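This is what each chain is made of:
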Protein chains: 2
Amino acid sequence: MGEIFVGIDLGGTNIKIGCFDSNLKLIRKISVSSDVEMGPEAVIDKMAQTIKKLLADANLSLKDVPAIGLGTPGPAKYKEGILIAMANFPKFKNVSICKMLTERLGKPIIFDNDANMACWGEYAAGAAKGVKDIVFFTLGTGIGGGIISDGRLIQGADGNGAELGHIIIYPDGRLCGCGQKGCAEAYASAAQTAKRATEAIEAGRPSSLKKVLETKGQITAKDIYEHLAKGDKLAKEITDETAKVLAILSINMLHATEPKKIVFTGGMINAGNLLLDRIKYFFDQYIWALKSEPVEICFATLGEDAGITGAAALAQYNCRQTS
Amino acid sequence: MGEIFVGIDLGGTNIKIGCFDSNLKLIRKISVSSDVEMGPEAVIDKMAQTIKKLLADANLSLKDVPAIGLGTPGPAKYKEGILIAMANFPKFKNVSICKMLTERLGKPIIFDNDANMACWGEYAAGAAKGVKDIVFFTLGTGIGGGIISDGRLIQGADGNGAELGHIIIYPDGRLCGCGQKGCAEAYASAAQTAKRATEAIEAGRPSSLKKVLETKGQITAKDIYEHLAKGDKLAKEITDETAKVLAILSINMLHATEPKKIVFTGGMINAGNLLLDRIKYFFDQYIWALKSEPVEICFATLGEDAGITGAAALAQYNCRQTS
């Protein structure tokens, strides 16, 4: 067995861990609850123990592992290995997570934003494999982003680059959770797409989604696509606004770092061509008339494994850079 | 005398050439008319002869020069050394400008977009000296851009990155020369700032600029700042819209590549704090509430020498990378 790379995707709910061979083939993976309410020491103990168990179960040992990749949500000082905070978990404040994990495992930790890790995963082994210039969007509660330019992650001066959901699409538009108005995230995340539908129905717009709202008390992005598929007019209008915002966001990033591929991920991509075709339609409508090299807009292929794949792949990449 | 680096800034009107020592100190520079109507062979002959003359006048020779940097407007295949076109000059089509210049001078040519070169100049020796993450905007007839991330120019998959003037600020807004609607350039370039003032006056808005329009037949950005300084209300409104668009453009780029410095250049920066303070004001108004590391917004310092400085500096950088 050659070198093994471990990737960790730490979220507020679950810790996902995978071990990969040097071709980035997944050998074995595991998901355990994060138990963040136990505080940083206990959570990092659990991460270390889970890695050891995962390796043992695969008949591997830490000796085979040159480095471990770790992705977490921000805000963090990624370059310094410090997790500044985790949303809703007050016990996580300025945690030297890399140092603490290295103390337990004796391995260097490659630390980055979870969206950057997923982006790197799609680049290393997924939808954008081998494409050196890409832009990546995760459509969830918010919109996360990742940029790879000439085969390098754009991390930003303080590790907070590629916050692409907060690019302003409509100045003075909808209020975003970040305090800005008109962010892409305030329209086109899964959560805000659903919220716009709810608002429209509450404002009296007719829609087959009204019954969903009355029955379940809420509407999800999934509901919207199901009703879109059945021909609901409001669902189409809401989806089109999401697609238009994502298209303009894509155009803006094309003019910034000129990717060859633009990759979307998150539960919303289950809508398939009902969403993808509309993003492409609005992209063609709004892009300049100047002749440009073609850019491909597509959906991610690694699904929930993108984060652990990217973390392992970035650990491997860093080993190669420094060796 | 140590190594000498030559930088060329080829525009539709003038060819500017400078020779620099290894500390990027300007030794001597020259500007000659481009005479692009003579066609590529003659223009490239002229460039080569002017470089030889410039070096001779400084008691230097080509033997001291390891590489030459060349900046031109696009569209070009920068990586392949081919100038695809020059605006309004039909004789320049698919010119292998690097090969032709190397044939005449026997030196490697480092070729990039003129705005990228000016950006690199400000990074190597100007307003952003030593700051490894910057974004740069040139405010002229259009808005050009440059991005440096972790000390590297973002060139894009096909060398057409950092077309920052075409980031869309107002979807479905003013028509831009590129065919898109609502580009930053359609509002905040020097030319469009002046045009918006002209349109407002023609629509009947009162302003002390009306007399300028009647007397000179046109209004320039310079006129607007002169009348702004004297308290004209329309001049303030026009300037504020320019500043707001530039602020939102800056915020969007902050969320993309997270620069530490955002640098503006072009004739419009002669307005000084009348413009800079308003850009900063709108930046603070529109930026998110999340705590971020500070970013500095400032004006460039190299003026018209930024292009030749950056071209020489990039030639030097490439020599160091490959040696």
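Residues numbered from 1 in each chain as written. Chains lettered and ligands numbered in written order. Predicted model: local features only at pLDDT ≥ 70, side-chain atom pairs only at ≥ 80, totals over all residues. Heavy atoms only, no water.

## A few points about the overall build of chain A
Counted only if it meets this: For the purposes of this entry, the term helix denotes a DSSP run of H or I that reaches at least four residues, the term strand denotes a run of E that reaches at least two, and both are numbered from the N terminus. Throughout, a residue-residue contact means that at least one pair of heavy atoms, one from each residue, lies within 4.5 Å. Per-residue and other accessible areas were derived by the Shrake-Rupley procedure at a 1.4 Å probe size, with only the shown protein chains allowed to occlude residues.
Secondary structure assignment for chain A yields 10 helices and 13 strands. In terms of overall dimensions, chain A has C-alpha extents of about 60 × 50 × 35 Å along its principal axes. Here the contacts in chain A between residues at least 6 apart in sequence split such that 62% fall between residues at least 24 apart. On chain A, roughly 13,200 Å² of surface is accessible, and the fraction owed to carbon and sulfur atoms is 50%.

## Overview of the sheet that holds strand β11 (residues 152–153) of chain B
To summarise the sheet geometry, strands pair through backbone hydrogen bonds and adopt either a parallel or an antiparallel arrangement. Residues and elements named next belong to chain B. Convention followed: One requirement defines pairing of two strands: DSSP has to find at least two bridges between them.
Reading across the sheet, the 5 strands line up as β11-β10-β9-β12-β13 and stay open at both edges, with mixed pairing between neighbours. Strands with a single pairing partner mark the edges of an open sheet, and in this sheet they are β11 and β13 (296–299). Here 6 bridges tie strand β9 (residues 134–139) to strand β10 (residues 143–149), and the two strands are oriented antiparallel to one another. By the bridge assignment, I134 is partnered in β10 with I148.

## Section: the side chain of K244 of chain B
Short version of the rule: Any N or O atom pair separated by 3.5 Å or less is treated as a polar contact, with the protein-specific requirement of one donor-capable and one acceptor-capable atom, and with residues adjacent in sequence counted only for side-chain atom pairs.
Relative to the helices and strands, K244 of chain B is located in helix α8 (residues 233–257). For K244 of chain B, the side chain forms a polar contact with the side chain of D172 of chain A, separated by 2.9 Å. Apart from residues lying up to four places away in sequence, K244 of chain B is in contact with P171 and D172 of chain A together with Y170, F282 and Y286 of chain B.

## Digging into the pattern of salt bridges
Worth spelling out the cut-off: Take a side-chain nitrogen of Lys or Arg and a carboxyl oxygen of Asp or Glu: if they are within 4 Å of each other, that pair is a salt bridge. Each residue's exposure class comes from its accessible area (1.4 Å probe, protein chains only) as a fraction of the maximum for that residue type: buried when under 20%, exposed when over 50%, partly exposed otherwise.
In this structure the tally under the stated criterion is 36 salt bridges over all chains. Here E226 of chain B makes a salt bridge to K222 of chain B, at a shortest N to O gap of 3.2 Å. Here the residue E226 of chain B and the residue K222 of chain B both occupy positions in helix α7 (residues 221–229), the gap between them amounting to 4 residues, near one helical turn. Classification of K222 of chain B as exposed rests on a relative accessible area of 58%. Connected via shared salt-bridge partners are E41, D45 and R104 of chain A.

## Quick notes on the interface of chain B and chain A
Convention followed: Here the quantity called buried area is the total loss of accessible area, with a 1.4 Å probe, experienced by two parts when brought into contact, counted for both.
Taken together, the contacts link 42 residues of chain B with 42 residues of chain A. In total, about 3,400 Å² of surface goes out of reach between chain B and chain A, with carbon and sulfur atoms giving 57% of it. Among the residues of chain B in contact with chain A, H255, E258 and W288 of chain B are the three that bury the most area, contributing 16% of the side total. One can count 4 salt bridges joining chain B with chain A.

## Here's the deal with the nonpolar core
To be explicit about the condition: Nonpolar cores were defined as sets of buried Ala, Val, Leu, Ile, Met, Phe, Trp, Tyr and Cys residues, with membership established by side-chain atoms within 4.5 Å.
Core analysis: the largest hydrophobic core is formed by 122 residues, its most contacted members being F264 of chain A together with F137 and F264 of chain B. In contact with F137 of chain B, not counting residues within four places along its chain, are I143, G144, L164, L249, S250, M253, I262, V263, F264 and T265 of chain B.

## Overview of the confidence of the model for chain A
This is how it is decided: The predictor attaches a confidence to each residue, and that confidence, scored 0 to 100, is pLDDT.
Residues with a pLDDT of 70 or more make up 99% of chain A, whose mean pLDDT is 95. Two numbers describe this predicted complex: its pTM, 0.96, and its ipTM, 0.95.

## Regarding the relation of the copies chain B and chain A
Just so we agree on the cut-off: Our superposition of the copies is a least-squares fit, built on the C-alpha atoms of residues whose pLDDT is at least 70 in both.
Overlaying chain B on chain A yields an RMSD of 0.1 Å, the required transformation being a rotation through 180 degrees with an accompanying axial translation of 0.0 Å. A rotation of that kind, with that shift, is consistent with a two-fold axis. Comparing contact sets, 100% of the residues at the interface of chain B also lie at the interface in chain A, consistent with an isologous, same-surface contact.

## Observations concerning helix α9 (residues 273–286) of chain B
Residues and elements named next belong to chain B. Put simply, the rule is: To estimate how far a helix should extend, the number of its residues minus one is multiplied by 1.5 Å. Think of it as the arc spanned by the lines of direction from the helix axis to the C-beta atoms.
The end-to-end C-alpha distance of α9, which contains 14 residues, comes to 19 Å, matching closely the 20 Å that a straight helix rising 1.5 Å per residue would cover. Listed as buried for α9 are L275, L276, I279, F282, F283 and Y286. What you see down the axis of α9 is that its buried residues fit within an arc of 135 degrees, all on one side. In the core, the buried residues of α9 are packed alongside α7, α8, β12 (261–265) and β13.

## Some details on the sheet that holds strand β7 (residues 89–95) of chain A
All names here are of chain A. Strands sit in the order β5-β6-β7 across an open sheet of 3 strands; the sheet is antiparallel. A strand with exactly one partner marks an edge of an open sheet, and here the two such strands are β5 (76–77) and β7. Pairing of strand β6 (residues 82–86) with β7 involves 3 bridges; the strand directions are antiparallel. By the bridge assignment for β7, M86 is matched with F89.

## So, the pairing of strand β6 (residues 82–86) of chain B
All names here are of chain B. Among the 5 residues that make up β6, 4 are buried, leaving the element largely enclosed by the rest of the structure. Between strand β5 (residues 76–77) and β6, which pair antiparallel one after the other, the connecting turn spans 4 residues, and G81 there sits at a positive phi close to 75 degrees. Two successive antiparallel strands, β6 and strand β7 (residues 89–95), enclose a turn made up of 2 residues, where N88 displays a positive phi of approximately 70 degrees.

## Some thoughts on the side chain of T239 of chain B
Considering the arrangement of structural elements, one finds T239 of chain B in helix α8. In this view, T239 of chain B contacts I224, Y225, L228, L274 and L275 of chain B; residues no more than four positions away in its chain are not counted.

## Some details on unusual backbone geometry
Here G74 of chain A and P75 of chain A are connected by a cis peptide whose omega angle stands at 0 degrees. Along the chain, P75 of chain A turns up in the loop between β4 (68–72) and β5. The backbone of D35 of chain A sits at a positive phi, close to 50 degrees, despite the residue not being glycine. Note on placement: D35 of chain A falls in the loop between β3 (26–33) and α1 (40–57). Here the phi dihedral of L24 of chain B falls at roughly 65 degrees; this positive angle occurs in a residue that is not glycine. The topology assignment puts L24 of chain B in the loop between β2 (14–20) and β3 (26–33).

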